[in-house]
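Each chain, letter by letter, is given below.
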Amino acid sequence: MVQRRITLKDLVLGEPLRWDLFGADSGGRPLLHKGQIAADDKQLHTLIDAGLFAEEEPPPSVLHQLNQCNRRLERMLRDLRNEHNAEAELRDIARDVIAAVELNPDIALACIFLAQIAGTYAVRHCIETAVVVVVVARGMGKPPAEILTVTAAALTMNVGMLRHHDTFQNKRMPLTREEMAIVRRHPEDSADLLKCAGVKDEEWISCVLLHHENDDGSGYPAGVARPAVTQNAKLISLADRYCAQVSARNYRCSILPDQALQAVLTDPAIPVDKELAEHFARELGSYPPGCLVRLQNGEIGVVRQRSGNGALGISSLRDGAGIVLTPAAPRSTQDAQCAIAAVLSEDEAAVRFSMKQIWGAQASL
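Rules behind the numbers
Positions within a chain are numbered from 1, following the residues in the order the chain's sequence is written. A pLDDT threshold of at least 70 governs which residues receive local features in this predicted model, and a stricter bar of 80 or more applies before side-chain atom pairs are shown or counted, although totals over entire chains, interfaces and linings include all residues. To obtain the side-chain values, all non-hydrogen atoms of the structure were used and water was disregarded. Strands here are runs of E lasting at least two residues and helices are runs of H or I lasting at least four, both read from the DSSP assignment and numbered beginning at the N terminus. Think of it in three bands: residues with accessible area under 20% of the maximum for their type are buried, residues over 50% are exposed, and the middle band is partly exposed, with areas taken using a 1.4 Å probe on protein chains only. Contact between two residues is taken to exist if any of their heavy atoms lie within 4.5 Å; hydrogens are not considered. Here the open area of atoms and residues is found with the Shrake-Rupley method and a 1.4 Å probe, where only the protein chains shown may cover a residue. Asp and Glu are treated as the negative residues and Lys and Arg as the positive ones, with His and the ends of the chain left uncounted. In this description, the location of a charge corresponds to atom NZ of lysine, CZ of arginine, CG of aspartate or CD of glutamate. Only the stretch in contact is used when fitting a helix axis, every axis being a line fitted to C-alpha atoms; angles between N-to-C directions are given from 0 to 180 degrees. By definition in this entry, angles of less than 35 degrees are roughly parallel, angles greater than 145 are roughly antiparallel, angles of 65 to 115 are roughly perpendicular, and the rest are oblique. A crossing counts as left-handed when the near helix is turned anticlockwise from the far one by less than a right angle, and as right-handed when that turn is clockwise. Three residue categories are used. Nonpolar comprises Ala, Val, Leu, Ile, Met, Phe, Trp, Tyr, Cys and Pro, charged comprises Asp, Glu, Lys and Arg, and polar comprises the others, including Gly. The arc in question is formed by the directions pointing from the helix axis toward the C-beta atoms. Polar contact criterion, stated in full: a pair of N or O atoms within 3.5 Å, where within protein one must be able to donate a hydrogen and the other to accept it, and residues adjacent in sequence count only if both atoms are side-chain atoms. UniProt positions are given in the numbering used here, feature names are shortened, and annotations may be inferred rather than shown by experiment. Two strands qualify as a pair provided DSSP detects at least 2 bridges between them.

Re the overall build of the protein chain
Part 1 of the reasoning: Regarding its fold elements, the protein chain presents 14 helices and eight strands.
Part 2 of the reasoning: Burial statistics for the protein chain: of 365 residues in total, 51% are counted as buried.
Part 3 of the reasoning: If you take every contact in the protein chain between residues at least 6 apart in sequence, the share linking residues at least 24 apart comes to 63%.
Part 4 of the reasoning: Accessible area for the protein chain stands at about 17500 Å²; split by element, carbon and sulfur atoms hold 50% of it.
Part 5 of the reasoning: For the protein chain, the centre of its 39 positive side-chain charges and the centre of its 46 negative side-chain charges are spaced 3 Å apart.

See the structure below:
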C-alpha cells in the first residue's frame, strides 16, 4: 500500500474525511475512516504529530471506467425485463460514460479503435456508440442534460434484441425473414421494454424509437420522415453505423476508420443531415486516436491526440527499418515527414503495445 503523510493543510475541521487515515503503527487498520467528520482539533494534532497517513489513490483511468460501465450495463440490460425502476441506474451509467469521455476524449476514442472494451459485442457496441455520441455532442455544444439523455438512449438502443444481437452479428449467412423482422422491430421493442422498466423520459424513448428512421422516410420501423426524425436520433444512428463498421466480425475484418467515416457520411441509401455530418467529421476526423498509421518517413505508429489546429499527435512504435522504438517516439503531423501516408489494420501494422504505454495512467486497466 502506497501512502503519503497527511498534514493539517489536507484536513478541514467539520468536513468529512476524503480518505481512510492510518497511523504509523496501526497495523494496517484505519484510525479514522473516510467520510468521518474531523471535529476534534486536539485529537488531529496528536495523530498528525505521531504520523498520520492516507493511502494514495490511483489516478482515474478512462479505460478502467469504460470497462466498469460495460459490466454494469450488461447486468442491467440482461435483467431489464425484471426491472421496474431502472431509469436512475441507467442514467448513472450514462453519467459515468460521459465522465470517462470528459476525462480524456482521445483515450475514450482510442478504446474503440484498439478494441479495449471487454465483453459481448452487443453491449460493447452500445458503450462504443455512446462514446462517439458524447464526443460529437460535446463538440456541438449541446447542454449537459441533453447529452445525458442522448447518451442513455445510445446505451439502451438495442435492448429489444439483446438476446439475438450476437447471434445475428456472427452469422455468415444472410438473415432469415423472421430474423430480419426482429431487426426491423427492435426499436419499438426496445422502447416498450424501457417504458416497462420505468423509463419515463420522452426524449430518451423517442431517440431509441427513431434511431433507424431516415429523413426521406426510408428507415424503420415506421418509415418516419423529416422533420419528425430528431437530430439526436440521427446522431445515434450515425454513431451506431460508424462503430459497427470499425468493429471486426467473425465474417469480416474491421473497416479502417477513414473508410468507415467516408462510408457512413456518403452512403446513398441513407441520407445524412449536412450539419450533423460536418460536426461528426470534424470531431472524429479520418484519423481518430487509436488509429494505426504509416508515416511518410516509413515509421509505424498510433494516433495519440487530436489537435484544434488540425495537426495530430502520433506515437511512433517502429522506425522505417522495422526497429521497435522503446519508448515510443512522439511525432506531429505538422512535420511533413510525419504526415500520414496510410491507415493500417492491426495485421499490417504488426506492432504490439498497451494503451498505458502510449497514454499513461489514464489508460491503465
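A closer look at the packing of helix 2 (residues 62-78) against helix 4 (residues 105-113)
Part 1 of the reasoning: Look at helix 2 against helix 4: their axes get within 9 Å of each other, and the N-to-C directions meet at 60°. Taken as axis vectors, helix 2 and helix 4 run oblique relative to one another. Judged by the sense of rotation from one axis to the other, the crossing of helix 2 with helix 4 is right-handed. On the side of helix 2, the interface is formed by V62, L63 and L66, while helix 4 contributes I107, A108 and C111.
Part 2 of the reasoning: Residue composition of the contact of helix 2 with helix 4, grouped by class: six nonpolar, no polar and no charged.

Some points on helix 12 (residues 274-284)
Part 1 of the reasoning: Every buried residue of helix 12 is listed here: L276, A277, H279, F280, E283 and L284. Each buried residue of helix 12 sits inside an arc of 165° when the element is viewed along its axis, so together they form one side.
Part 2 of the reasoning: For helix 12, the elements touching its buried residues are helix 4, helix 5 (121-139), helix 10 (231-246) and helix 11 (257-266).
Part 3 of the reasoning: The N-cap of helix 12, judged by a side-chain oxygen 3.1 Å from the amide nitrogen of E275 a few residues on, is D273.
Part 4 of the reasoning: Two residues or fewer after helix 12 comes G285, characterised by a positive phi angle close to 75°.

With respect to the UniProt feature "coiled-coil region" (unreviewed entry) in the protein chain
Part 1 of the reasoning: If you check UniProt for "coiled-coil region" (unreviewed entry), the listed places come out as residues 63-90 in our numbering.
Part 2 of the reasoning: Regarding residues 63-90, the helix share stands at 71% and the strand share at 0%, and the terminal C-alpha atoms are separated by 19 Å.

A closer look at the side chain of E74
Part 1 of the reasoning: Of note, E74 is situated in helix 2.
Part 2 of the reasoning: Residue E74 is classed as buried on the basis of its relative accessible area, which comes to 18%.
Part 3 of the reasoning: Non-local contacts of E74, meaning those with residues more than four positions away in its chain, are made with T120 and V123.

Structural notes on the sheet that holds strand 3 (residues 52-55)
Part 1 of the reasoning: Overall, antiparallel pairing links the three strands, which are arranged 1-3-2 in an open sheet. Each having just a single partner strand, strand 1 (3-5) and strand 2 (21-23) make up the two edges of the open sheet. In this sheet, neighbouring strand axes are inclined to one another by 40° on average, regardless of whether the strands run parallel or antiparallel.

With respect to the sheet that holds strand 5 (residues 300-305)
Part 1 of the reasoning: Ordered by their spatial adjacency, five strands build an open sheet running 7-6-5-4-8, and the pairing between neighbours is antiparallel. Since the sheet does not close on itself, it has two edges, and those belong to strand 7 (324-332) and strand 8 (340-344), each with one partner. Between one strand axis and the next, the sheet turns through 35° on average, direction left out of account.
Part 2 of the reasoning: Summarising the sheet, strand 5 and strand 6 (residues 313-318) pair through five bridges and their orientation is antiparallel. Bridging from a neighbouring strand, G301 pairs with S316 of strand 6.

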